Amino acid sequence: DEMKENDFIIDHKTKIISFDKNIINIKKNMFIPEGYILQGHPGLTLNLQDNSSIYSKSAFDFRGTSSNPITITSFDRKGGGLVIISPKKESIFTNTLFKYLSSPNKGASGLTGSISIYDTSVSFNSCTFNQNKSEDFLNLIHSNYKIVDSAFESVHSDGFDSDHSIGKIINSTFKDIGNDALDFSGSVSHLSGININRIGDKALSVGEKSKVLGHDIYINNSEIGITSKDKSTISLKGVHLMNTKLGF
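Everything numeric here is computed off the predicted structure, so don't read it as measured data.

Enquirer: Explain the pattern of salt bridges to me, using residue names and the numbers behind them.
Expert: A full pass over the atoms with the stated rule returns six salt bridges. Ionic pairing is found between Arg-198 and Asp-176, a salt bridge with its closest N-O pair at 2.6 Å. Residue Arg-198 is located in strand 23 (residues 188–207), and its partner Asp-176 is located in strand 21 (residues 166–177); the two are separated by 22 residues in the primary sequence. Within this structure, Asp-180, Asp-201 and Lys-202 form a network of salt bridges that share partners.

Enquirer: Tell me about the environment of Cys-127, and name the residues and values.
Expert: Take Cys-127: it is sitting in the loop between strand 15 (121–125) and strand 16 (128–130). For Cys-127, a relative accessible area of 1% puts it in the buried group. Residues Cys-127 and Thr-96, spaced 31 residues apart in sequence, show a C-alpha to C-alpha distance of 4.8 Å. In contact with Cys-127, not counting residues within four places along its chain, are Phe-93, Thr-94, Asn-95, Thr-96, Phe-98, Asp-149, Ser-150 and Ala-151.

Enquirer: For the layout of surface pockets, give the residues involved together with the corresponding values.
Expert: By volume, the largest pocket is sized at about 430 Å³. Every residue lining the largest pocket is counted, 17 residues in all, and those nearest its centre are Glu-5, Asn-6, Phe-8, Met-30 and Phe-31. Where the lining of the largest pocket is concerned, the elements lending two or more residues are strand 2 (8–11), strand 4 (23–26) and strand 5 (30–32). A class-by-class count of the residues in the lining of the largest pocket yields 10 nonpolar, three polar and four charged. In this structure, the second largest pocket spans a volume of roughly 160 Å³. Forming the boundary of the second largest pocket are 13 residues, of which Glu-34, Gly-35, Tyr-36, Lys-88 and Lys-89 lie nearest the centre. Considered class by class, the residues forming the lining of the second largest pocket number four nonpolar, four polar and five charged.

Rules used throughout
Residues numbered from 1 in each chain as written. Predicted model: local features only at pLDDT ≥ 70, side-chain atom pairs only at ≥ 80, totals over all residues. Heavy atoms only, no water. Salt bridge = Lys/Arg side-chain N within 4 Å of Asp/Glu carboxyl O. Helix = DSSP H or I, 4+ residues; strand = E, 2+ residues; numbered from the N terminus. Buried < 20%, exposed > 50% of the residue type's maximum accessible area, 1.4 Å probe, protein only. Contact = heavy atoms within 4.5 Å. 1 Å grid on protein atoms, 1.4 Å probe; cavity = no way out; pocket = protein on both sides within 12 Å on 5 of 7 lines; lining within 4 Å. Points joined across faces, edges and corners; volume = space filled by probe spheres on them. Nonpolar A, V, L, I, M, F, W, Y, C, P; charged D, E, K, R; others polar.

This is the structure in structure tokens:
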């Protein structure tokens, strides 16, 4: 029941796709059909080359360890990004580093995020999002999410973008973000223990009837601290604003 194809092991009985090497070079777009689970082992590196991206209709189960994380990157910095579309199971990323990704916005895909997650559930635990080139680093559309103990660093434009999604962000940092750190549209979110520093535009941008609740938000060196627009509601306790040109 096991089939080996290049560096992948496909087990048709358990519906698990795994990798048999530590460094996997992906040279052209990779499409994963629905109904599988893509399983990443500690120490795995996926290297996207030549504008290649991963499009998956199956969930990811990528569990690195703190001493042996998983990395999704592009060594030549010419790779695309990651798209997860409508799997019924939740995708789980633990101790995973996303670095040097751009977006899979080739041709008419219309996807502007380095990581785009649509119509599913996802959790990120102890993950790092570092140095990308795209409109958003992580874009959630019509999804449920949980982000815990994670960091967004040296982001080209927006760090986190939630479109019509529901979720929580806990004990996470946003540092050196070119545009907005967190951007919510038509979304509901709960934030706690958020540290935001050196932001090119808005630390929190909440719009299109979004509802954002939370506590212990630290904002430093931002153009604008917190923005609420289009009939949105923000309810926060313990907000600390420093060195920010426009607070609210």
